[in-house]
Amino acid sequence: QVQLVESGGGLVQPGGSLTLSCTASGNIFGLNVMGWYRQAPGKERELVATASSGGVRNYADSVKGRFTISRDSGWNTIYLQMRSLKPEDTAVYYCNFRPFNSPTDYWGQGTQVSVSS
């Protein structure tokens, strides 16, 4: 079992910055990928960025160049540094943990990010 807790969401003006964090606990050993997904009202959940335990990072085209995903030295916490935020970035952001050799996905409860003037 893996538990994920996100924090850092809030209300920010367009062009502003915000940093999200997610800490994983439980059975988190072994190769894995952690990442951020988001879901706006009326839309499907979409990938934002991922970071593997090997250090490989991937980004959605919509956030590339604006968002940065990182993992701490213990590989149990990820961050999403968001800058140049747009109203289109408004969504609930979910932390995801995926063991490399398992189809299992673990999700946090989500944190709301609202970009509005």
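Refer to the structure above for everything that follows.
About the criteria used
Residues numbered from 1 in each chain as written. Predicted model: local features only at pLDDT ≥ 70, side-chain atom pairs only at ≥ 80, totals over all residues. Heavy atoms only, no water. Pairing = 2+ DSSP bridges. Helix = DSSP H or I, 4+ residues; strand = E, 2+ residues; numbered from the N terminus. Axes fitted to C-alpha atoms, helices over the stretch in contact; angles between N-to-C directions. Buried < 20%, exposed > 50% of the residue type's maximum accessible area, 1.4 Å probe, protein only. Lys, Arg positive; Asp, Glu negative; His and termini not counted. Salt bridge = Lys/Arg side-chain N within 4 Å of Asp/Glu carboxyl O. Polar contact = N/O pair within 3.5 Å; in protein donor to acceptor, adjacent residues only side chain to side chain. Contact = heavy atoms within 4.5 Å. Core = buried A, V, L, I, M, F, W, Y, C linked by side-chain atoms within 4.5 Å.

S.K.: I'd love a proper account of the sheet that holds strand β8 (residues 77-82), names of residues and values included.
M.R.: Taken in spatial order, the four strands line up as β1-β3-β8-β7 in an open sheet, and their pairing is antiparallel. Two strands bound the open sheet, and with one partner strand each, they are β1 (2-7) and β7 (67-71). Sheet twist, expressed as the mean angle between neighbouring strand axes with direction ignored, is 15°. In this structure, strand β3 (residues 18-26) lies alongside β8, joined through six bridges in antiparallel fashion.

S.K.: I'd like a description of the side chain of Glu 6, backed by residues and values.
M.R.: Positionally, Glu 6 belongs in strand β1. Of the side chains bearing the opposite charge, Arg 45 lies closest to the buried Glu 6, which forms no salt bridge; the N-O distance is 7.6 Å. For Glu 6, the side chain forms a polar contact with the main-chain nitrogen of Cys 95, separated by 2.8 Å. A distance of 2.9 Å separates a polar atom in the side chain of Glu 6 from the backbone nitrogen of Gly 110. Among residues more than four places away in sequence, those in contact with Glu 6 are Ser 21, Cys 22, Trp 36, Tyr 93, Tyr 94, Cys 95, Gly 108, Gln 109, Gly 110 and Thr 111.

S.K.: Report on the nonpolar core, specifying residues and quantitative values.
M.R.: Generally speaking, a soluble globular protein has its nonpolar side chains buried in company with each other. Ranked by internal contacts, the top residues of the largest apolar core, which has 29 residues, are Leu 4, Trp 36, Leu 80, Met 82 and Tyr 93. Elements represented by at least two residues in this core include exactly β1, β3, β4 (32-39), β5 (46-52), β7, β8, β9 (91-99) and β11 (111-115). Once residues within four sequence positions are removed from consideration, Met 82 is found in contact with Gly 16, Ser 17, Leu 18, Leu 20, Arg 66, Phe 67, Tyr 93 and Val 113.

S.K.: I'd love a proper account of the environment of Tyr 37, names of residues and values included.
M.R.: Note on placement: Tyr 37 falls in strand β4. Separated by 59 residues in sequence, Tyr 37 and Asn 96 have C-alpha atoms that sit 7.2 Å apart. When residues no more than four places from it in sequence are discounted, the contact partners of Tyr 37 are Arg 45, Glu 46, Leu 47, Val 48, Thr 50, Val 92, Tyr 93, Tyr 94, Asn 96, Arg 98 and Trp 107. At 3.2 Å, the side chain of Tyr 37 and the side chain of Arg 98 are in polar contact.

S.K.: Go over the pairing of β7 with me, naming the residues and quoting the values.
M.R.: The buried fraction of β7 amounts to four of the five residues, a majority that puts the element mostly inside the structure. Pairing geometry for β7 and β8, over five bridges, is antiparallel. When the sheet's bridge partners are listed, Thr 68 is paired in β8 with Gln 81. Between β7 and β8, which follow one another and run antiparallel, lie five residues, and Trp 75 among them has a positive phi close to 60°.

S.K.: Kindly report on the environment of Lys 43, identifying the contributing residues and their values.
M.R.: Mapped onto the secondary structure, Lys 43 falls in the loop between β4 and β5. Its relative accessible area of 58% is what places Lys 43 among the exposed residues. Along the primary structure Lys 43 and Ala 91 are separated by 48 residues, whereas in three dimensions their C-alpha atoms are 9.5 Å apart.

Worth remembering: the numbers are spatial, not functional.
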